[in-house]
Amino acid sequence: QVQLMESGGGLVQAGGSLRLSCAASGSIFKIDSMGWYRQAPGTNRDLVAFITSGGTPNYADSVKGRCTISRDNTKNTTYLQMLSLKPEDTGVYYCHLLYDSRWSAWGQGTQVTVSS
C-alpha cells in the first residue's frame, strides 16, 4: 500500500506564495517521478509540474518562472514552491507518483485558493 501525504495548501492573496509538500510512503522500490496536478471546479485535472528520478523538472507553461518543483530523495518527498500566485492558480492540487516502472498513485488533494 502506497500513500501520499500532501500539505501546504491554503488561502492566499494574489501575488502571494505557498509551498506544497508531498511525502510518499509504503511499499516503493524506486520512485520514477513525482508531480503536481491542479483541478479547478468543472475542469480537467491538469499537470502543473513534475520532476524525474534524475531531478529534471518540467513545468506547465502557465507556471513557468513562478513555480519550482524539487525532491528530497532521502524522504521520498516532493515540494512545489509557488510564487506570484494568481486567482487562476486556484484549485485542488493533487500529488502524483510514478514508481517501480509501472505503478502510479494519487494523493487526496490540497486546496489552494488565491483571492484577487
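Structural notes, computed from the coordinates. (Residues numbered from 1 in each chain as written. Predicted model: local features only at pLDDT ≥ 70, side-chain atom pairs only at ≥ 80, totals over all residues. Heavy atoms only, no water.)

**Focus: the nonpolar core**
Okay, step 1: Residues Trp-36, Leu-80, Met-82, Tyr-93 and Leu-97 are the most contacted members of the largest nonpolar core, which totals 28 residues.
Okay, step 2: Counting residues per element, the ones that place at least two in this core are strand E1 (2–7), strand E3 (18–26), strand E4 (31–39), strand E5 (45–52), strand E7 (67–72), strand E8 (77–82), strand E9 (91–99) and strand E11 (110–115).
Okay, step 3: For Met-82, the contacting residues outside a window of four places in its chain are Gly-16, Ser-17, Leu-18, Leu-20, Arg-66, Cys-67, Tyr-93 and Val-112. (Core = buried A, V, L, I, M, F, W, Y, C linked by side-chain atoms within 4.5 Å. Buried < 20%, exposed > 50% of the residue type's maximum accessible area, 1.4 Å probe, protein only. Helix = DSSP H or I, 4+ residues; strand = E, 2+ residues; numbered from the N terminus. Contact = heavy atoms within 4.5 Å.)

**Comments concerning the packing of aromatic side chains**
Okay, step 1: Per the counting criterion, the structure on display carries 2 aromatic pairs.
Okay, step 2: Ring plane angle 70 degrees and centroid distance 5.0 Å describe the contact between Tyr-37 and Trp-106, whose orientation is recorded as edge-to-face. Within this pair, whereas Tyr-37 is found in strand E4, its partner Trp-106 is found in strand E10 (residues 103–106), the two being separated by 69 residues in sequence.
Okay, step 3: Its relative accessible area of 39% is what places Trp-106 among the partly exposed residues.
Okay, step 4: With 6.5 Å between their ring centres and 85 degrees between their planes, Tyr-94 and Trp-106 make a pair best called edge-to-face. Taken together, the positions of Tyr-94 in strand E9 and Trp-106 in strand E10 put the pair 12 residues apart, joining distant regions of the chain.
Okay, step 5: The structure contains a cluster of three or more aromatic residues connected by ring pairs, namely Tyr-37, Tyr-94 and Trp-106.
Okay, step 6: One residue, Arg-45, lies across the ring of Tyr-94, its end atom 3.6 Å from the ring centre. (Phe/Tyr/Trp six-rings, centres within 6.5 Å; stacked < 30°, edge-to-face > 60°. Lys NZ or Arg CZ within 6 Å of the ring centre and 35° of its normal.)

**Quick word on the pattern of salt bridges**
Okay, step 1: For the coordinates displayed, the defined rule picks out 4 salt bridges.
Okay, step 2: Between Lys-64 and Asp-61 there is a salt bridge, with its nearest N and O atoms 3.1 Å apart.
Okay, step 3: Since its relative accessible area comes to 65%, Asp-61 is described here as exposed.
Okay, step 4: A salt bridge links Arg-66 to Asp-89; the shortest N-O distance between them is 2.8 Å. Residue Arg-66 is found in the loop between strand E6 (57–59) and E7, and its partner Asp-89 is found in the loop between E8 and E9; the two are separated by 23 residues along the sequence. (Salt bridge = Lys/Arg side-chain N within 4 Å of Asp/Glu carboxyl O.)

**A word on the pairing of E10**
Okay, step 1: As paired strands, E9 and E10 are joined by 4 bridges and run antiparallel to one another. When the bridges of E10 are listed, Tyr-99 appears paired with Trp-103.
Okay, step 2: Between E9 and E10, which pair antiparallel in sequence order, lie 3 residues; one of them, Asp-100, sits at a positive phi of approximately 50 degrees. (Pairing = 2+ DSSP bridges.)

Structural measurements only, silent on function.
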